Amino acid sequence: MHDRVSKKGYKNREGGSMVLKMLTGSQAVAWAARLARVDYIPAYPITPQTEIIETLSEWIRKGEMEATFVQMESEHSLLTAAGTAAATGARVFTATSSQGLLYGFEMLYSIAGWRAPLVLVNVARALAAPITLEPDHNDVLAARDSGFLQFHAENVQEALDLVLLAYRVAEDHRVLLPAIVNMDGFHLSFTREQAELPEQNAVDQFLPEYRPINPIRASEPVAKGIPVLIPPLYSFFKYQMHMASRIALNVFREAAKEFERMFSRIYAPVEEYMVDDANTVIVMSNSFASIGKQAVNVLRDEGYKVGLLRMRLFRPFPTDDIVKSLRGKRCVVVIDQNISVGKGGITHPEIAEALYHLEDRPNVILPVVAGLGGKSISLEEFRHAVRVAERLASLKAGPDGPLLLFREDEAALVESLLKTASGG
Amino acid sequence: MRLSDSPILERGYIFNPSHVLVTEPSLLFDPTVKPLEGMTEGSVLFVNSSKDMLLVPSRKVCLLHRDITGLALKYIGRDILSAAMGAVACKLSGLISLQSMVDSIEEELAELGLEPDVIEKNVQLAKECYSSVESVGLRGLSHRPSHKVVEVQYLGENGIPDLLSMGNTVLRKTGSWRVLTPIVSKDLCTACGICYTYCPEGCISVDEQGYPSINYDNCKGCMVCTIECPRKAIKIEREAPWS
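Residues numbered from 1 in each chain as written. Chains lettered and ligands numbered in written order. Predicted model: local features only at pLDDT ≥ 70, side-chain atom pairs only at ≥ 80, totals over all residues. Heavy atoms only, no water.

*Asks:* Please clarify how the overall build of chain B should be interpreted in this entry.
*Replies:* Scanning chain B from N- to C-terminus turns up six helices and eight strands. Walking chain B from its N terminus toward its C terminus, one meets helices and strands in the order β-β-β-α-α-α-α-β-β-α-β-β-α-β. Here the C-alpha coordinates of chain B stretch approximately 65 × 60 × 40 Å along the principal axes. Relative to its 243 residues, chain B shows a buried fraction of 36%. Considering only intrachain contacts with a sequence separation of at least 6, the fraction spanning at least 24 residues in chain B is 62%. With an accessible surface of roughly 14800 Å², chain B has 55% of that area assigned to carbon and sulfur atoms. The centroid of the 24 positive side-chain charges in chain B is displaced by 4 Å from the centroid of its 30 negative side-chain charges. (Helix = DSSP H or I, 4+ residues; strand = E, 2+ residues; numbered from the N terminus. Buried < 20%, exposed > 50% of the residue type's maximum accessible area, 1.4 Å probe, protein only. Contact = heavy atoms within 4.5 Å. Areas by Shrake-Rupley, 256 points an atom, 1.4 Å probe, with all protein chains shown as cover. Lys, Arg positive; Asp, Glu negative; His and termini not counted. Charge placed at Lys NZ, Arg CZ, Asp CG, Glu CD.)

Have a look at this one:
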């Protein structure tokens, strides 16, 4: 299945031709932007995002892609340019990562408030300090409350497809909110996988031209995101954004159905992996869910009835899908690859809240923090988390805080490096 | 301002005040300020005005007016009204002694870095304002008129904070911000057009002969025109017609 196939044509269900390529995650989302026929790409380099904008600028330079590419002087300018261009009616693509996302952070709320639908790819990288280049999700989840829709990809194909779906949902007049498509740095962004490039005609059909609402045009002035010093107005507009995001859940489902019909790939707000008959379900997101699935395979062989639920949409929060998958389970293990310092994982309380009012809610919803700064999560760690949850369930006890997954050899490594650092 | 002997568990807006102090009479009719809103029978409305008020309140409020600006010009030489209006509020409440008020003014203005003579002028102004009104006391809790709680409907593309209608600025009568009013003296004016050029608000237009006319609905009283006029043909007046 993972043969190295550089280019191979074949027929899809609609009879159109498709191309299989070995693409990195970065190249895949660049392809998605190209296929979406974006008009404008404001850019600023940052590891591990830079390959995306390098790919796009190269295509534009060679005349293979028609779009305006501007290198800005910072991510704050980048996001400002992106949002304002979207407000003029341009289809805008941009990408950043980690510190870059945070540097442009205040503009996220403004763009969402302007209801300017653009797509931003965030290549997840843990936040400084201490500084690293490897991924976790504190960067993208910092944008959780901004009003951006959030789509999280596990693999290269999904990263490409979610960019197309993100444009379709964001630009829908029932929604009109910007979107972030998240993929993990290195583990996905620089990893080559086989991916199917949709045909341009099919993408054009799936993603018709963006029809902006009240675009800013020459001699047709419009003020966007106006000052509302009368508090009920602010309250009203802010809640409209919330309702738009909630409606985006169904708009996504509709779009995914159409996507499946055209491209034969299925995208629901969550992905279930061996959940049906599982007693314990691990909840994860993004690229590390692949190793989570591998762990589920092994643990199944060992006799653990485990499954995995992967969050694909994070905003809007897919409460109904989570309830459907997790109600009646004995244990849920929520693996947060992020940490809200002083509390624990960011998604755990949201999952727990979604299940709280059910009579058949799980006995244990274990908060687990793992994979910070790209630390790998091994089979032993998955097994340990599952066993802790099951032990708590049999004791009818609750967790007393997040469980950090960390191995003996890693502790020894840290100890020796601390020794080196202290000059000892 | 809220005053109480017991812990005050209200914040923000005062929905039905015992006393309303209006620093500038034109604010009485400002649709966004609405200073009379929430006043009920027995409320005191105090207006800084040298003129007898023509206002006929629909509710039985007690109407007072004093020329606070005149007093400020007399004591300080400028239309600085905060200490003066504060003094009126202190006296009306019936709870704040003259000495407490003076101590507070001295402390706060010293924190702002004002010179002792300026502080003293403010204190003198405040003392006169304090003695110019009688205490009327305070009333109890503030309650917002009740309305039922409703569900907000999702308006889709119509529920977006876009402003499409143009020229809304004229709806906002910024003339209410004005304390001093420029008046063009036709006898001295040579129709040079300099005031028209300099007005930062575009509130001066010229007629066919080139003579200026000031839009008092929107003139903020910055007095740039009076400074720029080469013939000194634009006089400064207090309380020119504000409606």
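*Asks:* Can you help me understand unusual backbone geometry in this one?
*Replies:* Working note: non-glycine residues mostly have negative phi, and peptide bonds are mostly trans. Residues and elements named next belong to chain A. In this structure, the amide linkage connecting threonine 47 to the following residue, proline 48, adopts the cis form with an omega of 5°. Following the sequence through the fold, proline 48 ends up in the loop between strand S3 (40–43) and helix H2 (50–61). Following arginine 315, the chain continues into proline 316 via a peptide bond in cis, with omega recorded as -5°. Looking at the secondary structure, you find proline 316 in the loop between strand S14 (313–315) and helix H11 (319–326).

*Asks:* Explain the sheet that holds strand S8 (residues 179–184) of chain A to me, please; I cannot follow it from the model alone.
*Replies:* Working definition: the strands of a sheet are paired by backbone hydrogen bonds and lie parallel or antiparallel to each other. All names here are of chain A. What the five strands build is an open sheet, ordered S5-S6-S8-S7-S14; its pairing is mixed. Both outer strands of the open sheet, strand S5 (93–96) and S14, are each paired with one neighbouring strand and no more. Taken pair by pair, the neighbouring strands of this sheet meet at an average axis angle of 25°, ignoring direction. Sheet topology places strand S6 (residues 119–124) next to S8; six bridges connect them, and they run parallel. Opposite alanine 124, over in S8, you have aspartate 184 as the bridge partner. (Pairing = 2+ DSSP bridges. Axes fitted to C-alpha atoms, helices over the stretch in contact; angles between N-to-C directions.)

*Asks:* Honestly, the domain arrangement of chain B in this entry has me stumped. Any pointers?
*Replies:* Often the size quoted for an interface is simply the accessible area lost on bringing the parts together. Residues and elements named next belong to chain B. Annotation of chain B at the domain level lists domain 1 (19–131) and domain 2 (174–238). Its C-alpha centre places domain 1 at a distance of 29 Å from the equivalent point of domain 2. The interface is formed by nine residues belonging to domain 1 together with five residues belonging to domain 2. In this assembly, domain 1 packs against domain 2 so that about 580 Å² is buried in total across both faces, 49% of it on carbon and sulfur atoms. When the buried area of domain 1 at its contact with domain 2 is split by residue, Glu24, Thr69 and Asp79 rank highest and sum to 48% of it. Inspection of the region where domain 1 meets domain 2 yields zero salt bridges. Here domain 1 is connected to domain 2 by zero residue pairs in polar contact (both at pLDDT 80 or more). Its residues assigned to classes, the side of domain 1 that touches domain 2 comprises two nonpolar, three polar and four charged. (Domains from an automatic or database assignment. Buried area = accessible area lost by both parts, 1.4 Å probe. Salt bridge = Lys/Arg side-chain N within 4 Å of Asp/Glu carboxyl O. Polar contact = N/O pair within 3.5 Å; in protein donor to acceptor, adjacent residues only side chain to side chain. Nonpolar A, V, L, I, M, F, W, Y, C, P; charged D, E, K, R; others polar.)

*Asks:* How should I be thinking about helix H3 (residues 75–87) of chain A in this particular structure?
*Replies:* Side chains three or four residues apart in an α-helix point the same way, a direct result of the helix having 3.6 residues per turn. Residue and element names in this part refer to chain A. Helix length check: H3, at 13 residues, gives a terminal C-alpha distance of 18 Å against a target of 18 Å (1.5 Å per residue), a fit within 8%. For H3, the complete set of buried residues consists of Glu75, Ser77, Leu78, Leu79, Ala81, Ala82, Gly83, Ala85, Ala86 and Ala87. Residues of H3 that are buried sit in contact with S3, S5, helix H4 (98–103), helix H5 (105–114), S6 and strand S10 (223–224). Put simply, serine 74 is the residue that caps the front of H3, since its side-chain oxygen is 3.2 Å from the backbone nitrogen of histidine 76. Looking one or two residues beyond H3, the residue adopting positive phi is glycine 89, at roughly 105°. (Expected span 1.5 Å × (residues − 1).)

*Asks:* Any chance you could explain the environment of Pro318(A) here in plain terms?
*Replies:* Residues and elements named next belong to chain A. The residue proline 318 is located in the loop between S14 and H11 in this model. Its relative accessible area of 0% is what places proline 318 among the buried residues. Sequence-wise, proline 318 and isoleucine 351 are 33 residues apart; in three dimensions their C-alpha atoms are separated by 9.7 Å. Those residues in contact with proline 318 that lie beyond four places of it in its chain are Leu249, Pro269, Val270, Met311 and Leu313.

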